[in-house]
Amino acid sequence: MSQALYNFKRIRNVPSSSDFIDIVLSRTQRKTPTVVHPGYNIGRIRQFYMRKVKFTQESFDEKLSAIIADFPQLDNVHPFYADLMNVLYDKDHYKLALGQINTAKHLIDSVGKDYVRLLKFGDSLYRCKQLKKAAMGRMATIMKRQKDSLAYLEQVRMHLSRLPSIDTNTRTLLVCGYPNVGKSSFLNKVTRADVDVQPYAFTTKSLFVGHMDYKYLRWQVIDTPGILDHELEERNTIEMQAITALAHLRACVLFFIDVSEQCGYSIDVQLSLFHSIKPLFGDRPTLLVMSKSDAMQLEDLPEEVASKIKEIEQSGAAKLTRLSNFNDSGIMETRNMACEMLLQYRIDKKLKGTKIKDNLNRINLSIPQKRDDVVRVPHIPETVKSKVRYEKDDPSRPLLEKDFENMSGGAGVYSVDMKKNYMLESESWKYDVIPEIIDGKNIADFVDPDIEHKLALLEKEEEEFEAEGVYAYESNGAGNEGMYIEADEDEDEKRIKDLAKSIREKKQLLMMESRLKKSSTRSRITTATKAVHSLTGEEFKKQFGELAEEREGADRITERAKELVNRAAKRHRSVSVYDQKSVEQNETVESTKLARLGTDSDKARASRAVSVQRNRAVSGLSGTFDGGDGSSSLNVVNRKKFKSQRKRNLMAFRGDADRQVTTKMPKHLFSGKRKAGSTDYR
């Protein structure tokens, strides 16, 4: 962090002692475990309370260290800031407050370490709890004793945050003088600052900073409170701020005196103040500014008073200048004079320093040498010498474009002729449509004059070719675009075109087939059916012949199953239409299975028929299964049945659609603190 640009606004707030304790203890409650039972292992109980004591001690240490680090150390900052803080806050009181905070931090650290050591020997939950309670109580007591120090540091922080940020190393103009002599008005004129200006003394009670630019450099102008002419020990805090700035800042001093004496102080008293604080200026450049020159001039003063002012300039103590903030006269001249004096002063200081020798050793001055004895005089062309000097009032002067504009109706009416100054070989070329010249020609010179005749001949030749059938148009049968075929094409070209035509037709068929496959109305082709598509004709006939024989056996089984089912239904209840369809489905499936297994005996059929029961199918799945062995259709039915009758998985993870009831009263927000001694676990 730079000493010159110390940012006091970065200092964090300093809480009061009670708030400090609440912040740390609540943080300990939030960041550490809160549940412990007597049944735990004693080592676990010790660790539980040791962690709380350590965390509390570290929290106090962290916050106190931040306070000590944020506040500036008077021995490490610029002397200007050190003296300014001594004037405003009393250096001894400030150091004492920070020292007490540092002592409290060390005491809390020692308390935390001592009680952590004692907790290692705790033999029960009650004893560990009492040690933790004693540790936190001692830490809180130490912080309560810092009540006054914390309150003082908070007041210092609030005042420091309002101080302006002053760069002690940059180019600075320091304005000083008696109260109500025009210092703040001058600051408002030359900078972008907005300092309060009132017609009474001591309007400015602290330092104010404004910034300006001069010669592409950033300058700061400091307005100081008014100073009265009396002993240093009798000056108050407001005056001592100005004295501190005069003593430590390397700046150009502008001492203002009111020659009209409207400020309420005579010129003799003001000059007496100048001589009393002149030792603080040292060898820095000084300007004696005579303000309110609109009300009184130096020449209008009595001879005795004017001679005293001139004597200061003659002795070299300061340079004289005058200004008036009322009519803005002399303000910029005073500013520029002060800036030039300060720049020269800074250069002289650098030349007298020790670093200049190192810089000069790095500089090499190169002087060019003469290469021969030929005298080369400056050459000025005759056209330049003969050029007539332009005079606005001379009637024979050369006319400018502005003159042509005025003679032609003025702006908005006159149109500038951009082509009149073209330097072409012929003046008649200036206003051509395309005046760009290449070797005396433009684009129009390269256009063939017979281009239209040649184009007409080419079109006539194309018409003759088309009439002879050179370009024959052939359209394919699929409704696609046709193509031109030359009449005298050879065999290779014809073969290539036929091949391309067949490829296009094949591509069109593939596209149509793909669209049919993607159609949502078309049923999906099962795996078994796809296998049938790949059979040859003879294999297809043979397989379907076998299926026909099996079908006859399956029909017999179906009839037998129907008889048995009807007998059973007559004994119990009549079969509904829905149940009849379900029975037929089951009979068809069972008979198909028997046929596939080859069990054609009556015994097998009877045993299978007896086991047939009414199918409790889901609505929308009833119907007969035709074709093949029926296994794929049966699988579809079983899957749909399983999905419709699947039970809820009560042990599954909670999903986004599940109902969620949050806790109405979270325990950690509504449970109160238990009083000490309310429970005895011994």
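Now for a description of the structure that goes with this document. (Residues numbered from 1 in each chain as written. Predicted model: local features only at pLDDT ≥ 70, side-chain atom pairs only at ≥ 80, totals over all residues. Heavy atoms only, no water.)

Some remarks on the pairing of strand 2 (residues 208-214)
Put simply, side chains in a regular strand alternate between the two faces of the sheet. The pairing of strand 2 with strand 3 (residues 217-223) spans seven bridges and is classified as antiparallel. Residue pairing in the sheet places V209 in a bridge with I222 of strand 3. Between strand 2 and strand 3, which follow one another and run antiparallel, lie two residues, and K215 among them has a positive phi close to 55°. (Pairing = 2+ DSSP bridges. Helix = DSSP H or I, 4+ residues; strand = E, 2+ residues; numbered from the N terminus.)

Let's talk about the packing of helix 4 (residues 91-119) against helix 6 (residues 147-161)
Relative orientation of the contacting elements helix 4 and helix 6 amounts to 125°, with a least axis distance of 9 Å. In this view, helix 4 runs oblique relative to helix 6, as classed from their interaxial angle. The handedness of the crossing between helix 4 and helix 6 is left-handed. From helix 4, H93, Y94, A97, L98, Q100 and I101 reach across to helix 6, where they touch S149, L150, Y152, L153 and V156. (Axes fitted to C-alpha atoms, helices over the stretch in contact; angles between N-to-C directions. Parallel < 35°, antiparallel > 145°, perpendicular 65-115°, else oblique. Left-handed = near helix turned anticlockwise from the far one by under 90°. Contact = heavy atoms within 4.5 Å.)

A word on the nonpolar core
Residues F71, L153, L173, L254, L288 and I309 are the most contacted members of the largest nonpolar core, which totals 112 residues. Here the element with the most residues in this core is helix 4; it accounts for 10 residues. Of the domains in this structure, domain 1 (17-162) and domain 2 (172-353) are the two that each give at least three residues to this core. What L153 contacts, discounting residues up to four positions off in sequence, is V14, I67, F71, A97, L98 and I101. (Core = buried A, V, L, I, M, F, W, Y, C linked by side-chain atoms within 4.5 Å. Buried < 20%, exposed > 50% of the residue type's maximum accessible area, 1.4 Å probe, protein only. Domains from an automatic or database assignment.)

Let's talk about the side chain of Q57
For Q57, the position within the fold is in helix 2 (residues 42-70). For Q57, a relative accessible area of 13% gives the class buried.

Digging into the sheet that holds strand 6 (residues 319-322)
Strand order in the open sheet formed by six strands is 2-3-1-4-5-6, with mixed pairing between adjacent strands. In the strand order of this sheet, the two ends are held by strand 2 and strand 6, each with one partner. In this sheet, neighbouring strand axes are inclined to one another by 25° on average, regardless of whether the strands run parallel or antiparallel. Lying over the sheet, helix 9 (residues 267-281) contacts strand 1 (172-177), strand 4 (252-258) and strand 5 (286-291), oriented at roughly 165° with respect to strand 4.

Things to note about the pattern of salt bridges
Scanning all chains against the criterion turns up 18 salt bridges. The salt bridge partner of E299 is R322, with a shortest N-O separation of 3.4 Å. You can see E299 sitting in the loop between strand 5 and helix 10 (303-314) and its partner R322 sitting in strand 6, a full 23 residues away along the chain. Overall, the relative accessible area of 57% leaves E299 in the exposed class. Judged by relative accessible area, R322 falls into the partly exposed class, the value being 29%. (Salt bridge = Lys/Arg side-chain N within 4 Å of Asp/Glu carboxyl O.)

Quick look at the packing of helix 1 (residues 17-31) against helix 2
To characterise two packed helices, one gives the angle between the axes of the helices and the distance between these axes. Interhelical geometry of helix 1 versus helix 2 gives an angle of 135° and a closest axis separation of 10 Å. Here helix 2 runs oblique to helix 1, going by the angle between their axes. Note on packing geometry: the crossing formed by helix 1 with helix 2 is right-handed. Counted together, F20, I23, V24, L25, R27, T28, Q29 and K31 of helix 1 and R51, K52, F55, T56, S59, F60, E62, K63, L64 and I67 of helix 2 form the full contact between these two elements.

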